[in-house]
Amino acid sequence: MGSVQIVTTILAAAITAVAVWLAVRAVSKMVAVIRLGQPDPTRSGDKISRTRTMLAETAGHTRMLRWSVVGAAHWFVMVGFVVLSLLVLEAYFEVVSPTGGLPLIGGWTLYGLVTEWIGILGVVGIGVLIAIRLANRPNRAGRRSRFTGSTMWQGYFVEAVVLAVLVMGFLIRGFKVATDHFEYPTWATPLSHAVGAALPGWESGVSVAALVKISISMVWVIVISLNVTMGVAWHRFLAFPNIFFKRRPGAAGSGLGALRPMMSDGKPLDFEEADPEKDQFGVAQVEQFTWKGLLDFSTCTECGRCQSQCPAWNTGKPLSPKLLVLSLRDHAYAKAPYLLAGGGKDLTGEEKATAAQLAHLDVLALAEAEKPLIGDAESGGVIDPDVLWSCTTCGACVEQCPVDIEHVDHIVDMRRYQVLIESSFPSEAGVMLRNLENKGNPWGAPQNTREDWTKGLDFEVPRVGEIEDFEYLFWVGCAGAFEDRAKKTTRAVATLLNEAGVSFAILGEGETCSGDPARRIGNEFVFQMLAQQNVETLNEAFEGREKAKRKIVATCPHCFNTLGNEYGQLGGEFEVVHHTQLLAHLVATGRLTPVQPVDGGVTYHDPCYLGRHNRVFTPPREVLGSAIQGELTEMPRNSERSFCCGAGGARMWMEERIGKRINVDRVEEAMSTGARTVAVGCPFCSTMLTDGVNGKGAGEQVEVIDVASVLLRSVKPEQVGGAEETTPVAG
Ligand code: SF4
Ligand code: SF4
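Residues numbered from 1 in each chain as written. Chains lettered and ligands numbered in written order. Predicted model: local features only at pLDDT ≥ 70, side-chain atom pairs only at ≥ 80, totals over all residues. Heavy atoms only, no water.

### Re the packing of aromatic side chains
Rules: Pairing of aromatic side chains here covers Phe, Tyr and the six-membered ring of Trp, requires ring centres within 6.5 Å, and sorts the geometry by plane angle: under 30 degrees stacked, over 60 edge-to-face, intermediate tilted. In this text, helices come from DSSP runs of H or I with a minimum length of four residues, and strands from runs of E with a minimum of two, each type numbered from the N-terminal end. Here's how the labels work: a residue is buried when its accessible area is under 20% of the maximum for its type, exposed when over 50%, partly exposed in between, all with a 1.4 Å probe on protein chains only. Whether a charge sits over a ring comes down to the Lys NZ or Arg CZ being within 6 Å of the ring centre and within 35 degrees of the ring normal.
Enumeration over the complete set of coordinates arrives at 16 aromatic pairs. Aromatic side chains Phe271 and Phe525 sit 5.7 Å apart centroid to centroid with 70 degrees between the ring planes, which places their arrangement in the edge-to-face category. One end of the pair, Phe271, is in the loop between strand 2 (267-268) and helix 10 (291-299); the other, Phe525, is in helix 23 (residues 524-541), and 254 residues separate them in sequence. Among the residues examined, Phe525 registers a relative accessible area of 38% and is labelled partly exposed. Taken together, the ring pairs connect Trp220, Trp234 and Phe237 into an aromatic cluster. Positioned over the ring face of Trp21 is Arg25, at 5.3 Å from the centre of the ring. Its guanidinium or amino end placed over the ring of Phe643, Arg637 lies 3.8 Å from that ring's centre, counting from NZ or CZ.

### A closer look at the pairing of strand 8 (residues 677-680)
Note the threshold: For two strands to be treated as a pair, DSSP must find at least two bridges joining them. By the criterion used throughout, a crossover qualifies as right-handed when its path from the first strand across the helix to the second strand runs clockwise, the strands pointing away from the viewer.
Burial along strand 8 is two-sided: Thr677 and Ala679 and Val678 and Val680, pointing in opposite directions, are all buried. Of the pairings in the sheet, the one linking strand 7 (residues 602-604) to strand 8 comprises three bridges and is parallel in character. Residue Val602 lies in a different strand from strand 8, and its bridge partner there is Thr677. In this region the chain leaves strand 8, passes through helix 28 (residues 683-695) and returns to the parallel neighbour strand 9 (residues 703-706); the handedness of that crossover is right-handed.

### Points about the nonpolar core
Let me state the cut-off plainly: Take the buried Ala, Val, Leu, Ile, Met, Phe, Trp, Tyr and Cys residues and link them wherever side-chain atoms come within 4.5 Å; each set so joined is a nonpolar core. Every residue pair with non-hydrogen atoms within 4.5 Å of one another is taken to be in contact.
Met414 and Leu538 are the most contacted members of the largest nonpolar core, which totals 182 residues. The biggest single contributor to this core is helix 8 (residues 204-226), with twelve residues. Setting aside residues up to four positions removed in sequence, Leu538 forms contacts with Leu473, Trp475, Leu507, Ile552, Leu563, Tyr567 and Phe574.

### Structural notes on the packing of helix 3 (residues 68-96) against helix 6 (residues 152-178)
Where we set the bar: In this analysis an axis means a line fitted to C-alpha atoms, helices contributing only their contacting stretch, and an angle means the value between N-to-C directions, from 0 to 180 degrees. Roughly parallel refers to an angle under 35 degrees, roughly antiparallel to one over 145, roughly perpendicular to one between 65 and 115, and oblique to any angle outside these ranges. Crossing handedness: left-handed means the near helix sits turned counterclockwise from the far one by under a right angle, and right-handed means the same turn made clockwise. Polar here means any residue outside two lists: the nonpolar Ala, Val, Leu, Ile, Met, Phe, Trp, Tyr, Cys and Pro, and the charged Asp, Glu, Lys and Arg; Gly therefore counts as polar.
Here helix 3 crosses helix 6 at 45 degrees, and the two axes come no closer than 10 Å. The pairing of helix 3 with helix 6 is recorded here as oblique in orientation. In this structure, helix 3 meets helix 6 at a crossing whose hand is left-handed. On the side of helix 3, the interface is formed by Val77, Leu84, Leu87, Val88, Glu90 and Glu94, while helix 6 contributes Val162, Val165, Leu166, Ile172, Arg173 and Lys176. A breakdown of the residues in the contact of helix 3 with helix 6 according to their chemical character gives eight nonpolar, no polar and four charged.

### Observations regarding the site of ligand 1
To keep it simple, the criterion reads: Near is defined per residue: the residue qualifies when any heavy atom it owns lies within 4 Å of the molecule or strand.
In the vicinity of ligand 1, the contacting residues are Cys310, Pro311, Leu319, Pro321, Cys391, Thr392, Thr393, Cys394, Gly395, Ala396, Cys397 and Val408. Of the residues belonging to the shell around ligand 1, the class tally is nine nonpolar, three polar and no charged.

### Observations regarding the sheet that holds strand 7
One open sheet holds the three strands; their spatial order is 7-8-9, and the pairing between them is parallel. The outermost strands of the open sheet, each flanked by one partner alone, are strand 7 and strand 9. Averaged over neighbouring strand pairs, the angle between their axes works out to 30 degrees when direction is ignored. Direction of pairing for strand 8 relative to strand 9: parallel, over a ladder of four bridges. Within strand 9, the position partnered with Ala679 by the bridge is Ile705. Those strands touched by helix 29 (residues 707-715) are strand 7, strand 8 and strand 9, and its axis lies near 90 degrees from that of strand 9.

### Quick look at the sheet that holds strand 5 (residues 551-554)
Spatial ordering of the open sheet is given by 4-3-5-6, a layout of four strands whose pairing is parallel. Edge strands, defined here as strands with exactly one partner in the open sheet, are strand 4 (504-506) and strand 6 (575-578). Here the average twist between neighbouring strands, direction ignored, is 30 degrees. Examined bridge by bridge, strand 5 and strand 6 share four bridges and lie parallel to one another. Bridge assignment links Ile552 to a residue of strand 6, and that residue is Val576.

### Focus: the site of ligand 2
If you check the shell around ligand 2, you find 13 residues, and the closest are Cys300, Cys303, Gly304, Cys306 and Cys401. Grouping the amino acids of the shell around ligand 2 by side-chain chemistry returns seven nonpolar, three polar and three charged.

### Comments concerning the environment of Thr603
Here Thr603 is to be found in strand 7. For Thr603, a relative accessible area of 0% puts it in the buried group. Apart from residues no more than four positions distant in its own chain, Thr603 is found in contact with Leu632, Thr633, Glu634, Met635, Ala670, Thr673, Ala675, Thr677, Val678 and Ala679.

### Side note on the confidence of the model for the protein chain
Any residue range with low pLDDT should be treated as having predicted coordinates unsuitable for detailed reading. Applied cut-off: On a range of 0 to 100, pLDDT expresses the predictor's confidence in each residue.
The predicted model of the protein chain averages 92 in pLDDT, with 97% of residues at 70 or higher. Note that pLDDT drops below 50 for residues 725-731; the model gives that stretch 20 contacts with residues more than four away or on any other chain.

### Let's talk about the domain arrangement of the protein chain
Put simply, the test is: A domain assignment, automatic or from a database, supplies the domain bounds used here. Two parts lose some accessible area (1.4 Å probe) when they are put together, and adding that loss for both gives the buried area. Any Lys or Arg side-chain nitrogen located within 4 Å of an Asp or Glu carboxyl oxygen qualifies as a salt bridge.
Segmenting the protein chain into domains produces domain 1 (3-15 + 46-244), domain 2 (263-421) and domain 3 (429-715). Each partner contributes residues to the interface: domain 2 has 29 residues there, and domain 3 has 30 residues. For the domain 2 and domain 3 pair, buried surface summed over both sides reaches about 2300 Å², with 58% attributable to carbon and sulfur atoms. Where domain 2 meets domain 3, there are three salt bridges. Close ionic contact of Arg615 with Glu399 constitutes a salt bridge, the shortest N to O distance being 3.2 Å. Looking at the side of domain 2 that touches domain 3, the elements that each hand over two or more residues are helix 12 (311-314), helix 16 (385-389), helix 17 (396-400) and helix 18 (407-420). No other element matches the five residues that helix 18 contributes to the side of domain 2 that touches domain 3. A breakdown of the residues in the side of domain 2 that touches domain 3 according to their chemical character gives 13 nonpolar, nine polar and seven charged.

### Quick notes on the pattern of salt bridges
Once their charged atoms are close, side chains differing in charge can pair, the charge on each being opposite to the other. Within the structure shown, the criterion is met by 49 salt bridges. Across the pair Glu351 and Lys345 runs a salt bridge whose closest N-O atoms are separated by 3.6 Å. Taking the relative accessible area as the measure of exposure, Glu351 reaches 31% and is therefore partly exposed. Note that Glu370 and Lys345 form a salt bridge whose closest N and O atoms lie 3.9 Å from each other. Taken together, the residues span a long stretch of sequence, with Glu370 in helix 15 (residues 363-370) and Lys345 in the loop between helix 13 (321-340) and helix 14 (355-358) at a distance of 25 residues. Lys345 gets classed as partly exposed once you look at its relative accessible area, which sits at 26%.

### Some words on the side chain of Asn441
Where we set the bar: Side-chain atoms alone can form a polar contact between residues adjacent in sequence; in general such a contact is a pair of N or O atoms within 3.5 Å, and within protein one must be able to donate a hydrogen while the other accepts it.
Tracing the backbone shows Asn441 in the loop between helix 19 (429-439) and strand 3 (472-475). At a separation of 3.0 Å, a polar atom in the side chain of Asn441 contacts the main-chain amide nitrogen of Trp443. In this view, Asn441 contacts Asn435, Leu436, Arg450, Cys478, Phe482 and Cys513; residues no more than four positions away in its chain are not counted.

### Structural notes on a nonpolar patch on the surface
For clarity, the threshold we go by: Only residues whose relative accessible area exceeds 30% and that form no salt bridge enter a patch; like-charged residues are grouped when within 9 Å of one another, and nonpolar side chains (Val, Leu, Ile, Met, Phe, Trp, Tyr) when within 5 Å. Note on areas: Shrake-Rupley with a 1.4 Å probe; residue coverage comes only from the protein chains shown.
A grouping of Met1, Ile6, Ile10 and Val96 is seen on the molecular surface, where their side chains present a nonpolar patch of about 380 Å² in accessible area. Following the sequence through the fold, Ile6 ends up in helix 1 (residues 3-34).

Structure follows, in structure tokens:
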């Protein structure tokens, strides 16, 4: 070993020892913080699906490749990181000897070939990512930049390190070529040979370059170890467990669907026994999130994909799902020393730690512990109430997040505490909640008018119990029963089912609100009250039937989602379809025949709770395809990336005071297609988009109608103005 190699070996060993010590300390801290969260026993089952999903989403980049160029570039950088870690390991042999290499695989042509090309593509990939970050930097693109609010120096630092490590790899190889110590043929390692041709034959160059490469890598380890909230770097390790523990590992796409039930100490809360002094009602302190919540916050890469899709952020509201996650992460880690010292409030608000336990704590940690989780700037709150209440629960953030963070569950958990314990929520939504409790529907309409929509139809709509047997229970929903526009859809669907000879029955006055608006606003108590009542009624209606024959068709995606995905939490197992799915089937099997194509251009707005939350994208398009002239005109934001109408998450019953109205933004997009018909599959979307069209003074030119009404016009053109349009009874 020459004198240069003695120095390079000592320096490499020293910096590595420091880095490893700091990394072990950082990982222990992170594990301790995540363990502060509440138990969640639902995360460990079905390990095979979990492993499969984790491998598909990481190795296959299934979520990120939807963002084609960025996804491909990131894939090469990720593979480069894994494969080229071997080259960092190899550098430890090279600081000792310029001819050193990895035992066993070092010198193997295949190893040389693979690492060469992964290195080349890694340089291209990181170059693309750097260019994208620079082109989208917040000071240039402002709020439109997905990086607005991200910690930019961390992104630049990580990208610079990746680039430097890759470049150093080629320099090391170049020095080996120049000194004739390189085993791989030119055809397998062309860039290394090209670099070598330009370098002097300096033997120690290999060891010095290897030391620089190790130093850069270890500086990276040291920096991220000193910054445990540096998600842009830590996600390389945390993404694996975060995806493994996602809540629906076997389901296609994201972790949307049923909302998580309200949990206390890892068990779902039953309001018949729950006690706010003993049980946790929602989340009021950051440590009341589950450990998976805290893992979510730690894993955020700050990529801003969620932010770029969020309807609230895109219309000038203070909510960004990314900034919300970052605020919770920073707060959790800043408060952690206090919690780890034994601090925290019990459910009655009493401090758990003794004065002695808190005596030596950092004042900053103590100050952080005093911050309310929800509160405005004046009260030093971590999350502003305007942020919390701006969410429509549209799920665009969850859908886009490459590491499967579950924003909607966290938002609703915080809302639950605000509503149930603090009674603090936008006051205008109070009327809706009172109507739900007292009248069983958000509008406060009399229950005995639930069947008024059937008046004037030229066939009988039977109630459950009035006919011997029925195939489908037609769940009408509150909007479908009481809201004028939605009643047209209800009538159109009933007419089409009758036309196709489908045997169906309604609950009539036996139906009550599904509970969706109560659950999304955070009032789990009212949700459970309504849902239990409906589950009882439905179980009675389907008594004696196996699950496959407990078929329900719903026109409202919120009811469809709640009945199909959430009633199982309360003992109600049903086969629920959306009317567009059933209609698509009836058209495909020839039981409904469109005869007169609807013309004038048609576009389709995907309702969030039908599309993203339940992945029903194709059936409404099939129905429209069968009923319209020419092709369906898609809006730029469609299917998984559809833009919310603004009504979800109980926003339908709250004023929209900040920023541009979400429905107006969506209507502008719909109108930009030139279509004269905007087809929808949800009564709330229908209301919001109609209001938007009218607000733009375009009511004469553009019509917003349900997919079922479009089909009815094509199947029974003689009935236009008849079955669908006749709404003799006001809601
Ligand atoms: S659910 Fe929708 S509105 Fe709520 S934070 Fe996510 S993207 Fe924004
Ligand atoms: S998409 Fe996911 S990882 Fe990216 S910023 Fe949003 S929460 Fe973080």
